[in-house]
Amino acid sequence: MSKGQTASPALMAHTSRAGAPARESAPVPPAVPTVPDGGRAPGTTAATTAVAPSASSVQGPNRVVEPVQMTGSEAIVRTLEELGVTDVFGLPGGAILPTYDPLMDSTRIRHILVRHEQGAGHAAQGYAMVTGKVGVCIATSGPGATNLVTPIADAHLDSVPMVAITGQVSSAVIGTDAFQEADIVGITMPITKHSWLVTDAQEIPRVLAEAFHIAGSGRPGPVLVDISKDAQQAAMTFSWPPKVEAAGYRPVLRGHAKQLREAARLIAGSSRPVFYVGGGVVKAHAAEELRHLAEYLGAPVVTTLQARGVFPDSHDLHFGMPGMHGAVSAVAALQQADLLITLGARFDDRVTGQLSSFAPGAKVIHADIDPAEISKNRTADVPIVGSVKEIIPDLTDALTAEFEHTGRPDLSAWLATLRRLRQTYPLGWTEPSDGLVAPQQVISRIGELTGPEGVYVAGVGQHQMWSAQFIRYERPHAWLNSGGAGTMGYAVPAAMGAKVGNPDRVVWAIDGDGCFQMTNQELATCTINRIPIKVAVINNSSLGMVRQWQTLFYDGRYSHTDLNTGHDTARVPDFVKLAEAYGCAALRCEREEDIDATIEQALAINDRPVVIDFVVSPDSMVWPMVPSGVSNSAIQVAQNLTPQWEEND
Ligand SMILES: Cc1ncc(C[n+]2csc(CCOP(=O)(O)OP(=O)(O)O)c2C)c(N)n1
Ligand SMILES: [Mg+2]
């Protein structure tokens, strides 16, 4: 996958020491007189004497620190402090050990010791998703670093701002297959927005500041900073702020005025426009701007899996989630549109289905901060590069000007068609015939009893789709999931990170029995660090989503999808005993009449994590569904049941 926000090839130098490209300097605040630090340990503030008098592109408090001697590892900690980092997730080992020593003294940074580095990565993602800040994870070299590969890939596909700091073997032995050596820069090159191998301690503050800048700006993404052990141990002179230089990296924020006018012209001339809204609108914090524009135009809105909540589910103009398991009204809105107003979305194959028959009659306006997304899958008639935070209000203004000449388009027939579809084909489920609880009911009750202020984090599989479908999202940053990568094991650690970032919110991990077995060790982290998340294991005793495909496409031959965790099985593991072993409150619910009471009980426990083993039917399936590789118009609302389209649908 190519991404336009990846820093220029000139910046992809593997070491920060050799071959540094020519760089422009960012403005640096003038130095102000200060008391010399005297080499105090990071975490103390003696060297911080004044607020920088001019704006800098370095994030954080922007204090000025006069030159002071310290080690590279002290500089890592001190840099994170100056960048305003308050929470990091990690696990030490030999190559990062020098940095863990001063980390112990930091009073500004809370380090949360995970049980597996994958947990640190997903926790950093969850933290970033709810706070909008850059999440940070730390690991040692070799296997510690490679354990971060999955969350880095996940953050790359879902555009999550994250900085991963890894220790590397000493520079003298790099390339010798030294103990715990892995070329993590090379391994993660295609799945990071940018990366560095730092072997010179003096480079640490600048590189970390640039890493945060690149991770958090433009199209957000994961950035890796691999720091050799000798660079951590070497002496260096620390000062703050550093010159942040990122040659060739200048994300465009404002959309081009001519393109905006052209977009307004297309909208004014359309009779079936639809806002196709993606996760970019969440990342840009542009929910308010979107609502204003949607209401101003009075056009239908669909929100992708990554955008759930950015436009309220309760809004009359909202027609649901499109895609493989989308609502009929949302899928039809895209298929039958004459204009897609695409905002921060990327025509993912899970949304388009068969690309050649996707939205066949629609012209396309495509606004995205990453130029590489535009016309990647579907040709845009009007491309607009920029941040939707700027583009949406600018488009609203352009529309106002356009409507003065043309008048407003009449969208009433279009809205009536979509309202009829929304009413005729609401999301729902059939009760299981095996007498077990319907998983959809459990999930909708969790949403109803917790409410829209909660944060909901899903694993990957059927339970993820039901969580996207049956919880009503009314605000952005309330719904977290691994959409692009589909990483089983995301939920528990991401919920942990979300709870650290938003301690006052109720945070639910809604997980599958399969996913839960991939990362539940982070329950130990949650218990020990008093991070009271709530985990609902939707226990259908199987790799349910794969099983669903076996039901539909492999004649019900259930090859290796039975997990034996549920009803009438050996229950290995017993999730209640497992949760108790981790110091959690543990509940089990097997009957419909106990669902509410069990959820209420979990909501009342806030001094430790809670795990509920919801034993549900293995036969429940996710509907609607567009079978892969066919047109979205072949959507099925239940097995072999397609909607009745009317002539003008
Ligand atoms: C790491 C990883 N391995 C395999 C898959 C393929 N996969 C997608 S969904 C799924 C089943 C998930 O099972 P479970 O967590 O029990 O969720 P359910 O579908 O039953 O709700 C599998 C194996 C994946 N997405 N991620
Ligand atoms: Mg399952």
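The paragraphs below set out a description of the structure included in this document. (Residues numbered from 1 in each chain as written. Chains lettered and ligands numbered in written order. Predicted model: local features only at pLDDT ≥ 70, side-chain atom pairs only at ≥ 80, totals over all residues.)

**Details of the overall build of the chain**
Note the following rule: A run of DSSP states H or I qualifies as a helix once it reaches four residues; a run of E qualifies as a strand once it reaches two. Both are numbered from the N-terminal end. In this setup the radius of gyration rests on C-alpha atoms only. A globule is expected at 2.2 Å times the number of residues raised to 0.38. Exposure classes come from backbone-placed C-beta atoms, where a residue is buried if 20 or more other C-beta atoms lie within 10 Å of its own, exposed if 12 or fewer do, and partly exposed in between. Residues are scored as being in contact if the C-beta atoms we place from backbone atoms lie within 7 Å.
Helices and strands together make up the secondary structure of the chain, namely 23 helices and 20 strands. In summary, the chain has a C-alpha radius of gyration of 25 Å against a globular reference of 26 Å for 649 residues, a match within 12%. Structurally, the chain occupies a C-alpha span of about 75 × 70 × 45 Å along its principal axes. The buried share among the 649 residues of the chain stands at 57%. Contacts spanning at least 24 positions in sequence make up 77% of the contacts within the chain whose residues lie at least 6 apart.

**Examining unusual backbone geometry**
For the bond from Trp240 to Pro241, the omega torsion is 0°, close enough to zero to count as cis. In this chain, Val572 is followed by Pro573 through a cis amide linkage whose omega measures -5°. You can see Pro573 is positioned in the loop between helix H21 (544–553) and helix H22 (575–581). Its identity as a non-glycine residue notwithstanding, His477 has a phi of 65°, on the positive side. Looking at the secondary structure, you find His477 in the loop between helix H17 (462–470) and strand S16 (479–480). In this model, Arg530 sits at a positive phi of 55°, which is unusual for a non-glycine residue.

**Description of the packing of helix H12 (residues 328–336) against helix H15 (residues 412–424)**
Using the following cut-off: To define axes, lines are fitted to C-alpha atoms, for helices over the stretch in contact only, and angles between the resulting N-to-C directions are given on a 0 to 180 degree scale. Here is the rule for angles: anything less than 35 degrees is roughly parallel, anything more than 145 is roughly antiparallel, 65 through 115 is roughly perpendicular, and the remaining ranges are oblique. By definition, any crossing whose near helix is turned counterclockwise from its far helix by less than a right angle is left-handed, and any crossing with a clockwise turn is right-handed. Classification used: nonpolar for Ala, Val, Leu, Ile, Met, Phe, Trp, Tyr, Cys and Pro, charged for Asp, Glu, Lys and Arg, polar for all others including Gly.
At a closest axis distance of 8 Å, the pairing of H12 and H15 adopts a crossing angle of 150°. Viewed along their axes, H12 and H15 adopt a mutual orientation that is roughly antiparallel. Note that H12 runs across H15; the crossing there is right-handed. Within the contact between the two elements, H12 uses Val328, Ser329, Ala332 and Ala333 and H15 uses Leu418, Leu421 and Arg422. Looking at the contact of H12 with H15 residue by residue, the class counts come to five nonpolar, one polar and one charged.

**Focus on the nonpolar core**
Under the convention used in this document: Linking buried Ala, Val, Leu, Ile, Met, Phe, Trp, Tyr and Cys residues through C-beta atoms within 7 Å yields a set, and such a set is a nonpolar core.
In terms of nonpolar packing, the biggest core is built from 201 residues, with Val277 and Val457 touching the most fellow members. Take this core: its biggest share by element is eight residues, from helix H7 (residues 204–216). Residues within four places of Val457 in sequence aside, it is in contact with Gly126, Leu480, Asn481, Ala491, Ala494, Ala495, Ala498, Val507, Trp508 and Ala509.

**Here's the deal with the environment of Gly447**
Inspection of the secondary structure puts Gly447 in helix H16 (residues 439–450). Considered as a pair, Gly447 and Ser467 are 20 residues apart in the sequence and their alpha carbons are 8.6 Å apart. Filtering out sequence-adjacent residues up to four positions away, Gly447 remains in contact with Phe470, Ile471 and Arg472.

**A short note on the site of ligand 1**
Just so we agree on the cut-off: The rule is simple: place the C-beta atom from the backbone, and if it lies within 6 Å of a molecule or strand, the residue is near it.
Near ligand 1 lie 19 residues; those nearest to it are Gly461, Gly512, Gly514, Cys515 and Gly544. Elements with a minimum of two residues in the shell around ligand 1: H17, helix H19 (513–519) and H21. Residue classes in the shell around ligand 1 are distributed as seven nonpolar, 11 polar and one charged.

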